[in-house]
Amino acid sequence: MCLGYPAKVIEIFEDKKALLEYLGVKKMVNIALLKNVSVGDYILIHSGIAIEKIDQKEAEEIEKLFGEVQDANS
């Protein structure tokens, strides 16, 4: 099973990399697989690679589900 987490693009670099933020954590990832990525977009990340653009609503729904899973395992 693959697990992707949503993150917001906060900066884009010329080398097909972007700085993202998820739950206050910033991480550099490869965005070469996606077209037309802009600052402010939300994308799914898997193993340090951006795999899909999503909208803000979907990102929030995924974050909510992750929270519910974490709460159930506490």
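Structure: see above.
Only a predicted model underlies this, so the values are computations on that prediction, with no experimental measurement involved.

Now for the environment of Ile 45. Position of Ile 45 among the secondary structure elements: in strand β4 (residues 42–46). It is 5.3 Å that separates the C-alpha atoms of Ile 45 and Tyr 5, two residues lying 40 residues apart in sequence. With residues up to four places along the chain from it excluded, the contact list for Ile 45 reads Leu 3, Gly 4, Tyr 5, Ala 7, Leu 20, Val 29 and Ala 50.

Summed over the entire model, instances satisfying the criterion amount to 1 aromatic pair. Aromatic pair Tyr 5 and Tyr 22: ring centres 5.2 Å apart, planes at 45°, arrangement tilted. Residue Tyr 5 is located in strand β1 (residues 5–13), and its partner Tyr 22 is located in strand β2 (residues 17–22); the two are separated by 17 residues in the primary sequence. Exposure remark for Tyr 5: the relative accessible area of 24% places this residue in the partly exposed category.

Here we come to a negative patch on the surface. A surface patch of like charges, here negative, comprises Glu 52, Asp 55, Glu 58, Glu 60, Glu 61 and Glu 63. Looking at which element gives the most residues to the negative patch, the answer is helix α1 (residues 56–72), with 4 residues.

With that out of the way, let us pick up a nonpolar patch on the surface. Taken together, the side chains of Leu 33, Ile 49 and Ile 51 define a hydrophobic patch exposed on the protein surface, amounting to about 270 Å² of accessible area. Mapped onto the elements of the fold, Ile 51 is located in strand β5 (residues 49–54).

Moving on, we come to the environment of Met 28. Inspection of the secondary structure assignment puts Met 28 in strand β3 (residues 25–30). Note on Met 28: relative accessible area 43%, which makes it partly exposed. Between the C-alpha atom of Met 28 and that of Ile 12, which follows or precedes it by 16 residues, the distance is 9.4 Å. Each residue touching Met 28, except ones within four places of it in the same chain, is listed here: Phe 13, Lys 17, Ala 18 and Leu 19.

What counts as what
- Residues numbered from 1 in each chain as written.
- Predicted model: local features only at pLDDT ≥ 70, side-chain atom pairs only at ≥ 80, totals over all residues.
- Heavy atoms only, no water.
- Helix = DSSP H or I, 4+ residues; strand = E, 2+ residues; numbered from the N terminus.
- Contact = heavy atoms within 4.5 Å.
- Phe/Tyr/Trp six-rings, centres within 6.5 Å; stacked < 30°, edge-to-face > 60°.
- Buried < 20%, exposed > 50% of the residue type's maximum accessible area, 1.4 Å probe, protein only.
- Patch = residues over 30% accessible without salt bridge, like charges linked within 9 Å, V, L, I, M, F, W, Y side chains within 5 Å.
- Areas by Shrake-Rupley, 256 points an atom, 1.4 Å probe, with all protein chains shown as cover.
- Salt bridge = Lys/Arg side-chain N within 4 Å of Asp/Glu carboxyl O.
- Lys, Arg positive; Asp, Glu negative; His and termini not counted.
- Charge placed at Lys NZ, Arg CZ, Asp CG, Glu CD.

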